[in-house]
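Letter by letter, the chains look like this.
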Amino acid sequence: KEESEMYAGFIGITTKMQDIGDKIIYLTDTRGEMLEPTINTSNELYSIYNYDTDLIGNPYADPAPYYEVIIACNDYLLKAYEYKEKNQTSLNMDHYKALISSTLRVKAWTYLTIAKIYGKAVWFDDPMREKKDLSQFPEKDLKDIVTACLDLLDKGFDGINGKHTMTWAE
């Protein structure tokens, strides 16, 4: 309803990214043998370290928090667009473009991270107001995710690509 909510919404996305920060370390550095477990390490982390193939139920291997970031990005893009459509005369378009562009970059980074960790990802652009069956969306392998991310950054959203920047000090 207010322009300040556009900024707050984007900060909400970055907060969700912080929530997955530790998970990325566990799933990439542990498997990359940059970290070595100790006797106090949980069985779940040992499973990741040992490249166990069955990680069902392992809270460290659950991709849901990554998809929460993507859902937040999709919702944000739609809400920001709706706000722009209602407030075109008063909206700071440079900031709008930068926030949309930044959201596209976060979304692309998240998809790339999922695909690098899990080898595949379920791609969707729709905002989700309710829990949906993800099997209705295409599952893409790493190569296809890279292509889709590049396409997302080039084509963008609402005529805005992923190359706009913002001076946050403003």
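Everything that follows concerns the structure shown earlier in this document.
Residues numbered from 1 in each chain as written. Predicted model: local features only at pLDDT ≥ 70, side-chain atom pairs only at ≥ 80, totals over all residues. Heavy atoms only, no water.

Peer 1: Account for a nonpolar patch on the surface, with residues named and values stated.
Peer 2: Taken together, the side chains of Leu142, Val146 and Leu150 define a hydrophobic patch exposed on the protein surface, amounting to about 230 Å² of accessible area. Looking at Val146, the relative accessible area reads 33%, which means it is partly exposed. (Patch = residues over 30% accessible without salt bridge, like charges linked within 9 Å, V, L, I, M, F, W, Y side chains within 5 Å. Areas by Shrake-Rupley, 256 points an atom, 1.4 Å probe, with all protein chains shown as cover. Salt bridge = Lys/Arg side-chain N within 4 Å of Asp/Glu carboxyl O. Buried < 20%, exposed > 50% of the residue type's maximum accessible area, 1.4 Å probe, protein only.)

Peer 1: Could you give an account of the pattern of salt bridges, naming the residues involved and the relevant values?
Peer 2: On inspection of all chains with the given rule, the structure shows 6 salt bridges. Residue Lys84 is joined to Asp158 by a salt bridge in which the shortest nitrogen-to-oxygen separation is 2.9 Å. Linking Lys84 in helix 4 (residues 64–86) with Asp158 in the segment after helix 6 (142–155), this pair joins segments that are 74 residues apart in sequence. On the basis of relative accessibility, which here comes to 30%, the residue Asp158 falls in the partly exposed class. Linking Lys155 and Asp151 is a salt bridge whose minimum nitrogen-to-oxygen distance equals 3.3 Å. In this pair, Lys155 and Asp151 are both assigned in helix 6, 4 residues apart and thus about one turn of the helix distant. (Helix = DSSP H or I, 4+ residues; strand = E, 2+ residues; numbered from the N terminus.)

Peer 1: I'd love a proper account of the packing of helix 5 (residues 93–118) against helix 6, names of residues and values included.
Peer 2: The N-to-C vectors of helix 5 and helix 6 enclose an angle of 175°; their axes lie 9 Å apart at closest approach. Looking at the two axes, helix 5 sits roughly antiparallel to helix 6. Facing helix 5, whose interface residues are Leu104, Arg105, Lys107, Ala108, Tyr111, Leu112, Ala115 and Lys116, helix 6 presents Leu142, Ile145, Val146, Cys149, Leu152 and Leu153. In the contact of helix 5 with helix 6, the residues fall into 11 nonpolar, no polar and 3 charged. (Axes fitted to C-alpha atoms, helices over the stretch in contact; angles between N-to-C directions. Parallel < 35°, antiparallel > 145°, perpendicular 65-115°, else oblique. Contact = heavy atoms within 4.5 Å. Nonpolar A, V, L, I, M, F, W, Y, C, P; charged D, E, K, R; others polar.)

Peer 1: With reference to specific residues and values, describe the layout of surface pockets.
Peer 2: If you roll a probe as big as a water molecule over the atoms, it shows you where there is empty space left. Estimated volume of the second largest pocket: approximately 170 Å³. As for the second largest pocket, its lining consists of Lys1, Glu2, Glu5, Met6, Gly9, Ala72, Asp75, Tyr76, Lys79, Ala80 and Tyr83. Going through the elements one at a time, helix 1 (3–19) and helix 4 are the ones with two or more residues in the lining of the second largest pocket. Broken down by element, the lining of the second largest pocket gets its largest block of residues, 6 residues, from helix 4. When grouped by side-chain class, the residues that make up the lining of the second largest pocket number 5 nonpolar, 1 polar and 5 charged. (1 Å grid on protein atoms, 1.4 Å probe; cavity = no way out; pocket = protein on both sides within 12 Å on 5 of 7 lines; lining within 4 Å. Points joined across faces, edges and corners; volume = space filled by probe spheres on them.)

Peer 1: So what's going on with the nonpolar core? Which residues, and what values?
Peer 2: Soluble globular proteins tend to bury their nonpolar side chains together. Among the nonpolar cores identified, the biggest contains 44 residues, and Tyr67, Tyr111 and Phe124 are the most heavily contacted of them. Residue assignment for this core shows that the elements contributing at least two residues are helix 1, helix 2 (21–29), helix 3 (43–49), helix 4, helix 5, strand 1 (120–122) and helix 6. At 11 residues, helix 5 tops the list of elements feeding residues into this core. (Core = buried A, V, L, I, M, F, W, Y, C linked by side-chain atoms within 4.5 Å.)

Peer 1: Describe the packing of helix 1 against helix 5, listing the residues and the values that go with them.
Peer 2: Look at helix 1 against helix 5: their axes get within 11 Å of each other, and the N-to-C directions meet at 15°. Here helix 1 is positioned roughly parallel relative to helix 5, judged by the angle of their axes. The two elements helix 1 and helix 5 cross, and the hand of that crossing is left-handed. Here Met6, Tyr7, Phe10, Ile13 and Met17 of helix 1 come into contact with helix 5, specifically with His95, Tyr96, Leu99, Ser102, Thr103, Val106 and Trp109. For the contact of helix 1 with helix 5, a count of residues per class yields 9 nonpolar, 3 polar and no charged. (Left-handed = near helix turned anticlockwise from the far one by under 90°.)

Peer 1: Can you break down the environment of Tyr76 residue by residue, with the values?
Peer 2: Position of Tyr76 relative to the elements: it lies in helix 4. The sequence separation of Tyr76 and Gly9 amounts to 67 residues, and the corresponding C-alpha distance is 6.7 Å. Setting aside residues up to four positions removed in sequence, Tyr76 forms contacts with Met6, Gly9, Phe10, Ile13, Leu99 and Thr103.

Just distances and angles here, no functional claims.
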